[in-house]
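Residue-level structural notes
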Amino acid sequence: MNHHQIKNITHRHYRNLKKHFKKVKKRFDDEAIHQLRVEYKKLRAFFRLISGVNGRKETARISGKLKRCYAVAGSIRDLQLQQQRILDISKQEPKKPWGYIDLLQEHINKLKPSLGKLLAKKIIEKKKKKIDAIILPEFQPGDFKNYTEKIWASIFHIVEQGNINDGDIHKVRKLLKDLLYNLKELARIEERVIALNGIAGKNEKYFDQLLEEIGNYQDTFNAIELLKPKWIYKLNTQNQESLIRIKELLIEDKSKIKRSLEQSLRSDLHKAMEYNFRY
């Protein structure tokens, strides 16, 4: 990639973020927020890719206000998804835990003004000008190879540990997402990178499925975390009993998903990493 191509990619991500800002401000619905957060992750992954090349001290970074926007939007979406999840799980029950659903909505309503203020600021325009001044003159295929080797080394270190905890699984997901986002980005313009579409001997579909499984695990983890005892015990007896049953089901599901994930990470993914280091 040359300077012009790197600049175009960065500007495209910022344009997309600006569009998603407008959509979120209008509706605050979970899909609009999801698309904003995905675009943020793609930009963040690209900045991680091009930063630190050839020992450069100046690096492209996400602004603090945009990080805050991403975090608040994520908190709102987690609460929205929790509402949907609880209603789905309890659909066979004669009485749904509406007190908990209302409590989640209260927390959503408290966060919306903060997100609205952040979305109203000219975060994108200001940061885009600063980034343009420090964008790399070029990014070579060898730079991408160094980047992928660092990613796989980090994953390998995590997988080789005796016990894979929740934080480890979350980190593996972030690393793999960054790698896939950047692979797809570079494959648009670099013919030599297209050959890497079968990352480490595995095709793209395999990694999409693995990331979906890790995503399901993360969603279940978040659902359990949001069933906070201090929230549950504010509610009436019917709500409490229903939510305690739901939490037990989620904990059981989380254990099943984790066993399957550990097997994937220690066998198939482990073989994929070994392949990557050989070739």
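Right above here is the structure, for reference.
Notes on the structure in this doc start here. (Residues numbered from 1 in each chain as written. Predicted model: local features only at pLDDT ≥ 70, side-chain atom pairs only at ≥ 80, totals over all residues. Heavy atoms only, no water.)

1. Digging into the overall build of the protein
In terms of regular secondary structure, the protein is built from twelve helices and zero strands. The order of helices and strands in the protein, counted from the N terminus, is α-α-α-α-α-α-α-α-α-α-α-α. For the protein, the residues scored as buried account for 46% of the 279 residues in total. In the protein, 80% of the contacts between residues at least 6 apart in sequence involve partners at least 24 apart. Summed over its atoms, the accessible surface of the protein is roughly 15,100 Å², and 48% of this surface lies on carbon and sulfur atoms. (Helix = DSSP H or I, 4+ residues; strand = E, 2+ residues; numbered from the N terminus. Buried < 20%, exposed > 50% of the residue type's maximum accessible area, 1.4 Å probe, protein only. Contact = heavy atoms within 4.5 Å. Areas by Shrake-Rupley, 256 points an atom, 1.4 Å probe, with all protein chains shown as cover.)

2. Concerning the packing of aromatic side chains
For the structure shown, the criterion picks out three aromatic pairs. Judged by centre distance (4.0 Å) and plane angle (15°), the ring pair of Tyr40 and Tyr70 falls under stacked. Within this pair, whereas Tyr40 is found in helix 2 (residues 30-50), its partner Tyr70 is found in helix 3 (residues 64-89), the two being separated by 30 residues in sequence. You'll find Tyr40 and Tyr70 in the same group, each marked buried. When the ring of Phe144 is compared with that of Tyr147, the centres are 6.0 Å apart and the planes differ by 35°; the resulting orientation is tilted. Of this pair, Phe144 and Tyr147 both sit in helix 6 (residues 141-159), three residues apart, roughly one helical turn. A relative accessible area of 10% means that Tyr147 is categorised as buried. If you follow Arg37 out to its NZ or CZ, it ends over the ring of Tyr70, 4.1 Å from the centre. A cation over an aromatic ring shows up here: Lys228 above the ring of Trp231, its NZ or CZ 5.4 Å from the ring centre. (Phe/Tyr/Trp six-rings, centres within 6.5 Å; stacked < 30°, edge-to-face > 60°. Lys NZ or Arg CZ within 6 Å of the ring centre and 35° of its normal.)

Spatial relationships are all this shows, so hold off on functional conclusions.
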